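These are the residues of each chain, in order.
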Amino acid sequence: MGISALLWLPFVKNITGSIRASMHATEQISKGRFEVRVPETRGDELGRLSHAINQMAGQLDGLVRGQKRFLGDVAHELCGPISRMEMSLGILETRVDGADAYRLNDVRDELRQISALVDELLSFSKAALGQRLQTPEPVALHALIDGVVEVEGVPMNRVQLSVPEELQAMVVPDLLRRAIGNVLRNASLHAKDSQIEVKAARSKDTVTLTIADAGPGVPHESLPRLFEPFYRVDVARSRETGGTGLGLSIVKTCVEACDGAVSAQNRIPHGLIITFELPCA
C-alpha cells in the first residue's frame, strides 16, 4: 500500500493541481476579472479544459470591453445634440412667457436628466477602458480623502475621519478619488443630516477603508446587485433621490482598476457600509 501510494501520489497531485488552477480561474472570471489565464501545459482532457477556459475568458473580455466602448461612443455622440438643444432652449426662453415658459422649464429639466445620464455613461466608459493605462502609486489616504470631502462640498462637521495620516495605499489617485467621491455623494444624499464615518486600517498587505452612513440602508436582497450597471433600489427611483444607476458601478470599476475590491453591507441598526480592500503601499 505504501509503494502504491508513492507511485500514485505524484499523478494525483498533478491532476488536482490542474483542477485547482481551473477552479481559481473560473472564480476570477465570475468576478469580472477576465485577464486571468490557466497554464496550457497538459495534452489530455484537463489541458483542453484549460484551453477552453482561456478562450472563454478572452471572448468575455472582448464582449464586455466592446459593450463599454459602445456605451462610451454613444454617450460621446449624444453630447453634440444635447448641447445644441440646450442652446436652442436658451434662445426660446427669451421669446416665450406664461404657460409656454412653464412647459419650456419642464423640457429643460428633462434635458438636464439626459445630460446627467450621458455624463455618467462617459465616466463609466472612461473608468472601464482607461483602467489599464494608468499605473498605481503610493498615495496618502488621509490627504486624498480630505480633498475629496472638500471637492464634494460635504460639511466637515458631518464627516468623522479616522484615517492615520501616514497610512498609504498603492492605487491610481484619480480613480480612487472618483470612487470615494461617488460613495460620499450617495451617503450625503440618502443619509441627510447624519454622520458619515470614514475609517481606514492596515492588515498585513491590505488597507481596509470603510465609509458608513446612518441612512435607511438597502433591502438585503439588493446588496448582491448594488454594483451592477443601471441597477437602482426601488426606494431610490424618485427624481429627487434616484440616480442613473451607474454611480456604484463606477466605484467598482475604479477600485478594481487599483487591484482592489469593494463590497456593501447594511449597518445595524440602520445605514449602509461600503468597504474598500486596497493594496498597501
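Quick look at the structure, then. (Residues numbered from 1 in each chain as written. Predicted model: local features only at pLDDT ≥ 70, side-chain atom pairs only at ≥ 80, totals over all residues. Heavy atoms only, no water.)

## What to know about the overall build of the protein
For clarity, the cut-off: Note on conventions: DSSP H or I runs of at least 4 residues are helices, E runs of at least 2 residues are strands, and numbering of each starts at the N terminus. In this description the radius of gyration comes from C-alpha coordinates, and the expected globular size is given by 2.2 Å times residues to the power 0.38. The buried label goes to any residue with under 20% of its type's maximum accessible area, the exposed label to any with over 50%, and the partly exposed label to all in between, with areas taken from a 1.4 Å probe on protein chains only.
For the protein, the helix and strand inventory stands at 6 helices and 7 strands. Reading the helices (α) and strands (β) of the protein from amino to carboxyl end gives α-α-α-β-α-β-β-α-β-β-α-β-β. Against the 2.2 N^0.38 benchmark of 19 Å for 281 residues, the protein shows a C-alpha radius of gyration of 24 Å, more extended than a compact globule. Its C-alpha atoms give the protein principal-axis dimensions of roughly 95 × 40 × 35 Å. Within the protein, buried positions represent 37% of all 281 residues.

## Let's talk about the side chain of Q28
Our working rule: By definition in these notes, contact holds between two residues if any of their heavy atoms fall within 4.5 Å.
By the secondary structure assignment, Q28 is in helix 1 (residues 2–30). Setting aside chain neighbours within four positions, we find Q28 in contact with R33 and V36.

## A word on unusual backbone geometry
Cis geometry marks the peptide bond from I268 to P269, where omega comes out at 5 degrees. Within the secondary structure, P269 is located in the loop between strand 6 (261–266) and strand 7 (272–279).

## Quick notes on the nonpolar core
The following threshold applies: For the purposes of this section, nonpolar cores are sets of buried Ala, Val, Leu, Ile, Met, Phe, Trp, Tyr and Cys residues that join through side-chain atoms within 4.5 Å.
Grouped together as the largest cluster of nonpolar side chains are 57 residues, with contacts concentrated most on L141, I145, I180, V198, L226 and F276. The element best represented in this core is helix 5 (residues 173–190), accounting for 7 residues. When residues no more than four places from it in sequence are discounted, the contact partners of I145 are L161, V163, I180, V198 and L209. With 7 residues, the next largest nonpolar core counts A25, I29, F34 and I53 among its residues.

## Digging into a nonpolar patch on the surface
How we decide: Excluding any residue in a salt bridge, patches collect residues exceeding 30% relative accessible area, merging like charges within 9 Å and nonpolar Val, Leu, Ile, Met, Phe, Trp and Tyr side chains within 5 Å. Residue exposure ignores everything except the shown protein chains as possible cover, and the areas themselves are Shrake-Rupley values with a 1.4 Å probe. For this document, the term salt bridge refers to a Lys or Arg side-chain nitrogen within 4 Å of an Asp or Glu carboxyl oxygen.
Taken together, the side chains of I3, L7, W8, F11 and V12 present a nonpolar region at the surface, about 580 Å² in accessible area. When you line up the elements, V12 lands in helix 1.

## Regarding the sheet that holds strand 7
For clarity, the threshold we go by: Strand pairing follows a simple DSSP-based rule, namely that at least 2 bridges must link the two strands. Whenever a helix is involved, its axis is fitted only over the stretch in contact; in every case the axis is a line through C-alpha atoms, and angles between N-to-C directions fall within 0 to 180 degrees.
Pairing within the open sheet is mixed, and its 5 strands lie in the order 2-4-5-7-6. Sheet topology places strand 2 (159–162) and strand 6 at the edges, where each strand pairs with a single neighbour. Averaged over all pairs of adjacent strands, the angle between their axes in this sheet comes to 15 degrees, without regard to strand direction. Pairing of strand 2 with strand 4 (residues 196–203), which is carried by 4 bridges, proceeds in the parallel orientation. In the sheet register, L161 faces strand 4, and the bridge partner there is V198.

## Side note on helix 6 (residues 247–257)
Since one α-helical turn is 3.6 residues long, residues separated by three or four positions face the same way. Buried residues dominate helix 6, accounting for 9 of its 11 residues. Inspection of helix 6 places G247, L248, S249, I250, V251, T253, C254, V255 and A257 among the buried residues, and these make up the whole buried set. D259 lies just past helix 6 and shows a positive phi near 60 degrees.

## Some remarks on helix 1
The condition that has to hold: In a helix, the anticipated span is given by 1.5 Å times the number of residues less one. The seven residues ending at a residue and the seven starting there each receive a fitted axis; the angle between those axes is the bend at that residue.
The terminal C-alpha atoms of helix 1, which comprises 29 residues, lie 41 Å apart, in line with the 42 Å expected from a rise of 1.5 Å per residue. Of all the bends in helix 1, the greatest, near 35 degrees, is centred on W8, and the proline P10 appears no more than four residues after it. Residues of helix 1 that are buried: S18, S22, A25, Q28 and I29. Where helix 1 is buried, its residues meet helix 2 (45–93).

## A word on the packing of helix 5 against helix 6
Quick reminder of the rule: Should an angle fall under 35 degrees it is taken as roughly parallel, and over 145 as roughly antiparallel, whereas 65 to 115 is taken as roughly perpendicular and any remaining angle as oblique. In a left-handed crossing the near helix is turned counterclockwise from the far helix by less than a right angle, and in a right-handed crossing that turn is clockwise. When residue character is reported, Ala, Val, Leu, Ile, Met, Phe, Trp, Tyr, Cys and Pro are called nonpolar, Asp, Glu, Lys and Arg charged, and the others, Gly included, polar.
Where helix 5 contacts helix 6, the two axes come as close as 8 Å, and the packing angle between them is 150 degrees. Between helix 5 and helix 6, the interaxial angle falls into the category roughly antiparallel. For the crossing formed where helix 5 meets helix 6, the hand is left-handed. Taking contact as the criterion, the partners of L175, R178, A179, N182, V183 and N186 in helix 5 are, on helix 6, G247, L248, I250, V251, C254, V255 and A257. Its residues assigned to classes, the contact of helix 5 with helix 6 comprises 9 nonpolar, 3 polar and 1 charged.

## Overview of the environment of V255
For V255, the position within the fold is in helix 6. When residues no more than four places from it in sequence are discounted, the contact partners of V255 are A179, G260, A261, V262, F276 and L278.

## Concerning the pattern of salt bridges
Scanning all chains against the criterion turns up 8 salt bridges. Taking the shortest distance from any N to any O, the salt bridge between E197 and K199 comes out at 3.8 Å. Residue class for E197 comes out buried when judged on its relative accessible area of 18%. When salt bridges with common partners are traced through the structure, they connect E197, K199 and R267 into a single cluster.

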